[in-house]
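# Secondary and tertiary structure notes
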Amino acid sequence: MNPVIPSSHYLLLDKQLLLDTILDNMYNQISIFKNHKLYKSGDINFELEFRLRNKYTNININDFVKCMSCQYHEYLFKENKTTRYRIICESKNERISKLYTYVDTNSEKEITETLNGKVEFTKKMTLMTAYYFIYKIVLNIETNLDVSDIVNFLDNGLVETEKGYNKKIKSNKGLNILQFITPIIKYRKSYILHKDVRIDVTKYEDKSQFEIDFSTNINHERNNMINMVHDIILLLDYSNLVLIYLFYLLPNFEFQKPITPSLDTIFDIADDLVKNTFFVDAKTDGLLRLVIIINHLMFSVSENFEVEYIDCINSDLHLVFDCEFVNDNFIPFYILYYKVDLRLKSYKERIAILDSLNFDSFNDKFKRKKIKKCGNYSDLQNFIENEMNNENKNLVPNDGIIITDGTSTYTLQNIIPFDSHRVENIRVYKIKTRNTVDLRFNGRYFYAKQHSIKKSNLNLTLAEFKKILKERKIPFIIKFDLDKGVFVKEREDKWTSNSLNTFNNSNTLMRKYHNRIKQNILNEYKGNLLDIGSGNGGDIHKWNQFRKIACVEPDNVKLKNFKERIKKSDIKNRITIYPNTIQNIKLKDSFNIATCFFALNDFNYSDVESMLNNISQNINGIFIVFFMDYSLFNDDIDSPCIKYRSKNKFLDSLDKESPRLRVSPTS
């Protein structure tokens, strides 16, 4: 289990009731008691107290009561679980600072001095108790005992009355036990807030006690009462209770992370994804947060299990979301708790529940995420194309896609401890569309785990390096774009970098995907091949079945690498290199297939027109073009000698909307 998980026995907690519900139950109990035939209003007082639970707040109030507090001895005898007798006599003379400031600011007067010399003889009976966050709420009835009913346990059997006289006390057999009790010395400061709300701060032995007492005004206005209780919660460190409650709702919770699959994995799972129905959404480039909504209050929990208060809402909901936090918005992508633990339900079921919620009730703190249900890979392709087309319009930064099997469950690890028959069913995959990596920076060097990464491997400019140096703390984790050689942001949500393997293979998946597609296409053809923009010759192993291969590449550095590859190749005698641009060479042979893989983005519009005019008489088969970002082409590319074929349809111009162009010459 994660070491930050509270060690308390959270399974012993009860589900939290709304404070409104707790108060309704208590006031109903008061009404029942008042309607009893033996009830006499002059003899009985109702006492409603909110006591801070020390095991969740762990406050030290020494500074609160160290000076000008009253001192008293308390004799306490518990007759049974609900009834106790108490005598008070012989009266003499961080977070907690926020609490003190709150009391000092909101109090109308301090009544500590009035407690000096006060004697109380009371009998209390507890009617109800309840627990609400860091409070124990207690409803008591209290009766004042006559002096003559108190056992003679003080020296000489005398008690000082409120008028200052000493009075002999008669013995009462029922209270004789008090004479054997050692009193507790307590120190207290007391304040009266608005509408007779009383705050008592008490210190005794090694214990601290903070109470909000509504006894004088037992029918205090409900909204003011709830607001005061919530205000004090937010002044204190409530994180321990929130975490304990989280693990009560979701025992053995762990954050689920999507898997970065290999290309082989994607092809292996393809049929199952379509069969089970899968979902796709944009991979938001934000901070991972868990959000707990309970009793009108919303809290966020980071991956480090740090708790922050979000807001108060009107809706009566008990929810736990898995979210991305970006631009001050929480974007839920999983719902984990809604009345019951949902982690063992399928993703399809959980998304249906998520979609049924009214997001308007969350005070604009949540933004609904677009999650598309897919029945085939055409749906996936359409989603990706729409995201790319709208990339500049999106207010939320995205850096990839998430694919989730409809039957996938949330992390099952440790949900059913020691169950050897448990079957994992977690199928959540992320595919990055931006070549980024998380590295640790110590003020001078970059690291992938313990391995140093040279600045030259990052294509890092001096300007970008200075941006990184401006960050406040060292060391820290940065997100770095390897393609653009730019610093993206500090990863405040991470404390470890990616591994060296991740760094070395950050672009491997996309490259393997492209290679698989190119290989599948080239396998369909034989004869002569024209390859435009051959680069370093990385596709040379895909050309074995061709009789003649003409390679066009103007870059001298790339040509040097390409020629080294040709020397080691079995088909070196079949390859002819044209060290020029396609617009400026004269082709002699005719070709069954021409390819231009990811070189078109280096062309301008006139280059494309010249290329098409130049090769049109030499292609007797098909011309296949791949390029990375077709949104860069703002106009259709017209050519009188070329027709565009997409899905067996012929058009008169190249269509800028298609990421894959198949071109055929006119007849």
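Our subject is the structure listed above.
Described below are features of the structure shown in this document. (Residues numbered from 1 in each chain as written. Predicted model: local features only at pLDDT ≥ 70, side-chain atom pairs only at ≥ 80, totals over all residues. Heavy atoms only, no water.)

Right, let's get into the pattern of salt bridges. Tallying each qualifying case throughout the model produces 23 salt bridges. With its nearest N and O atoms 2.8 Å apart, the salt bridge here joins Asp200 to Arg198. Like Asp200, the residue Arg198 is buried in the burial classification. Between Lys548 and Asp589 there is a salt bridge whose closest N-O contact spans 3.9 Å. Of this pair, Lys548 sits in strand β28 (residues 546–552) while Asp589 is found in the loop between β29 (575–578) and β30 (591–597), placing the two residues 41 residues apart along the sequence. Since its relative accessible area comes to 41%, Lys548 is described here as partly exposed. Residue classification places Asp589 among the partly exposed positions, given a relative accessible area of 30%. Connected through shared salt-bridge partners, Asp20, Asp24 and Arg222 make up one network. (Salt bridge = Lys/Arg side-chain N within 4 Å of Asp/Glu carboxyl O. Buried < 20%, exposed > 50% of the residue type's maximum accessible area, 1.4 Å probe, protein only. Helix = DSSP H or I, 4+ residues; strand = E, 2+ residues; numbered from the N terminus.)

In spatial order, the strands read β24-β23-β22-β25-β26; together these five strands make up an open sheet with antiparallel pairing. Edge strands, defined here as strands with exactly one partner in the open sheet, are β24 (451–453) and β26 (486–490). Each strand axis lies, on average, 45° off the axis of its neighbour in the sheet, ignoring direction. Bridging between strand β23 (residues 446–448) and β24 involves three bridges; their strand directions are antiparallel. Bridging across to β24, Tyr447 finds its partner in Ser452. The strands touched by helix α10 (residues 462–469) are β22 (436–441), β23, β25 (476–481) and β26; relative to β26, the strand with the most contacts, the crossing angle is about 10°. (Pairing = 2+ DSSP bridges. Axes fitted to C-alpha atoms, helices over the stretch in contact; angles between N-to-C directions. Contact = heavy atoms within 4.5 Å.)

Grouped together as the largest cluster of nonpolar side chains are 97 residues, with contacts concentrated most on Leu48, Phe50, Tyr135 and Phe321. At eight residues, helix α6 (residues 239–249) tops the list of elements feeding residues into this core. Beyond its immediate stretch of four places on either side in the chain, Leu48 contacts Leu23, Met26, Tyr27, Ile137, Val138, Leu139, Ile212, Asp213, Phe214, Ser215, Ile218 and Met225. (Core = buried A, V, L, I, M, F, W, Y, C linked by side-chain atoms within 4.5 Å.)

Our focus in this paragraph is α10. Among all positions in α10, only Glu464, Phe465 and Ile468 are buried. Considered in projection along α10, the buried side chains sweep an arc of 100° and stay on one side of the axis. Buried positions along α10 lie against β22, β23, β25 and β26. (Arc of directions from axis to C-beta.)

Before going further, it helps to examine the sheet that holds strand β20 (residues 398–405). Strand order across the open sheet formed by four strands is β19-β12-β20-β21, with antiparallel pairing between neighbours. Only two strands of the sheet have a single neighbouring strand rather than two, namely β19 (371–374) and β21 (428–432). Here the average twist between neighbouring strands, direction ignored, is 25°. As defined by bridge partners, strand β12 (residues 278–284) adjoins β19 across four bridges and the pair is classed as antiparallel. Along β19, the bridge assignment pairs Asp281 with Ile371. Seen against the sheet, helix α8 (residues 347–356) touches β12, β19 and β20 and runs at an angle of roughly 65° to β12.

This part takes up the packing of aromatic side chains. Enumeration over the complete set of coordinates arrives at 31 aromatic pairs. With centroids separated by 5.3 Å and ring planes inclined at 70°, the aromatic side chains of Phe279 and Tyr347 adopt a geometry described as edge-to-face. Pair noted here: Phe279 is in strand β12 and Tyr347 is in helix α8, with a separation of 68 residues, a long-range link. Tyr347 shares its class with Phe279; the two are buried. (Phe/Tyr/Trp six-rings, centres within 6.5 Å; stacked < 30°, edge-to-face > 60°.)

In this model, helix α13 (residues 556–567) (12 residues) spans 17 Å end to end at C-alpha, consistent with the 16 Å of a helix rising 1.5 Å per residue. Those residues of α13 that sit buried are Leu559, Phe562 and Ile566. Seen along its axis, α13 keeps its buried residues to an arc of 65°; they face one direction. Residues Val557, Lys560 and Lys567 are exposed on α13 and point more than 90 degrees away from its buried face. Looking at the packing, one finds that the buried side of α13 touches β28 and β29. Where α13 begins, the capping side chain belongs to Asp555, and its oxygen is found 2.9 Å from the backbone nitrogen of Val557. (Expected span 1.5 Å × (residues − 1). Polar contact = N/O pair within 3.5 Å; in protein donor to acceptor, adjacent residues only side chain to side chain.)

Turning next to the packing of helix α1 (residues 19–34) against helix α5 (residues 222–235). Remark: α1 packs on α5, axes separated minimally by 11 Å, with the N-to-C direction vectors making an angle of 125°. One way to sum up the angle between α1 and α5 is to call them oblique. Handedness of the α1/α5 crossing: right-handed. Contacts from Leu19, Asp20, Leu23, Asp24 and Tyr27 in α1 reach Arg222, Met225, Ile226 and Val229 in α5. Residues of the contact of α1 with α5, tallied by class, amount to six nonpolar, no polar and three charged. (Parallel < 35°, antiparallel > 145°, perpendicular 65-115°, else oblique. Left-handed = near helix turned anticlockwise from the far one by under 90°. Nonpolar A, V, L, I, M, F, W, Y, C, P; charged D, E, K, R; others polar.)

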